[in-house]
Amino acid sequence: QVNLVESGGGLVQAGGSLRLSCAASGGSLNFSPMGWYRQAPGKQRELVARITTTSTMEYADSVKGRFTISRDYAKNTVYLQMNSLKPEDTAVYYCNADWRRTSWSPPVPYWGQGTQVTVSS
């Protein structure tokens, strides 16, 4: 059982920055693509950023140029650096792993409990 714990959320003014962390325990992330998703009140959960095991990254159009996803294999942790935050970035942010025990194992999805990000105008 892989446990994902997010941290780093909070309240920030528009234009500010936050860095989210997602620390994994119970299994290595070495073979797992990782993603950050968010869900605002009354809206569906949406992909914010994703990073593969070869560090290929993809971003939602709404965050391109402002957010950066990265991973630290030694710390078994994934990060989301969020700059130039806007009120519309307000949401609960969730970490996701398509966890693989090995490179050829089938993926098993895991989610963190979420961290609240609130951007005031």
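What you are looking at is a predicted structure, and each value in this text was computed from that prediction instead of being measured.

Analysis parameters
- Residues numbered from 1 in each chain as written.
- Predicted model: local features only at pLDDT ≥ 70, side-chain atom pairs only at ≥ 80, totals over all residues.
- Heavy atoms only, no water.
- Helix = DSSP H or I, 4+ residues; strand = E, 2+ residues; numbered from the N terminus.
- Rg over C-alpha atoms; globule rule 2.2 N^0.38 Å.
- Buried < 20%, exposed > 50% of the residue type's maximum accessible area, 1.4 Å probe, protein only.
- Contact = heavy atoms within 4.5 Å.
- Core = buried A, V, L, I, M, F, W, Y, C linked by side-chain atoms within 4.5 Å.
- Pairing = 2+ DSSP bridges.
- Axes fitted to C-alpha atoms, helices over the stretch in contact; angles between N-to-C directions.
- 1 Å grid on protein atoms, 1.4 Å probe; cavity = no way out; pocket = protein on both sides within 12 Å on 5 of 7 lines; lining within 4 Å.
- Points joined across faces, edges and corners; volume = space filled by probe spheres on them.

> Quick rundown of the overall build of the protein chain? Include the residues and the values.
Looking only at helices and strands, one finds zero helices and 11 strands in the protein chain. Listing each helix as α and each strand as β along the protein chain from the N terminus yields β-β-β-β-β-β-β-β-β-β-β. Whereas a compact globule of 121 residues would reach a radius of gyration of roughly 14 Å, the protein chain reaches 14 Å, a difference of no more than 12%. Taking the principal axes of the C-alpha coordinates as reference, the protein chain spans close to 45 × 25 × 25 Å. Taking all 121 residues of the protein chain together, the buried fraction comes to 44%. The contacts in the protein chain between residues at least 6 apart in sequence include a share of 56% that link residues at least 24 apart.

> Quick rundown of the nonpolar core? Include the residues and the values.
With 30 residues, the main nonpolar core has Trp36, Leu80, Met82 and Tyr93 as its most contacted residues. Those elements giving two or more residues to this core turn out to be strand S3 (18-25), strand S4 (34-39), strand S5 (46-51), strand S7 (67-72), strand S8 (77-82), strand S9 (91-99) and strand S11 (115-120). The element contributing the most residues to this core is S9, with five residues. When sequence neighbours within four positions are dropped, the list of residues in contact with methionine 82 reads Gly16, Ser17, Leu18, Leu20, Arg66, Phe67, Tyr93 and Val117.

> Go over the environment of threonine 68 with me, naming the residues and quoting the values.
Here threonine 68 is to be found in strand S7. Under the relative-accessibility criterion, threonine 68 is labelled partly exposed at 41%. On a C-alpha basis, the gap between threonine 68 and proline 33 in space is 15 Å, while along the polypeptide they are 35 residues apart.

> Describe the sheet that holds strand S1 (residues 3-7), naming the residues involved and giving the relevant values.
Spatially, S1-S3-S8-S7 is the arrangement adopted by the four strands of the open sheet, whose pairing is antiparallel. Edge positions in the sheet fall to S1 and S7, since each of these pairs with one other strand and no more. Adjacent strand axes in the sheet meet at a mean angle of 15° when their direction is disregarded. Of the strand pairs in this sheet, S3 and S8 are connected by six bridges, and their pairing is antiparallel. Each residue of the ladder has a partner; that of leucine 20, found in S8, is leucine 80.

> How would you sum up empty space enclosed by the protein? Please name residues and give values.
One pass over the full model with this rule turns up one cavity of 30 Å³ or more. Here the largest cavity is characterised by a volume of approximately 30 Å³. If you go around the largest cavity, the residues you meet are Leu29, Arg71, Asp72, Tyr73, Asn76, Thr77 and Val78. Residue assignment for the lining of the largest cavity shows that the elements contributing at least two residues are S7 and S8.

Everything listed here is a matter of coordinates, which is why it stays silent on function.
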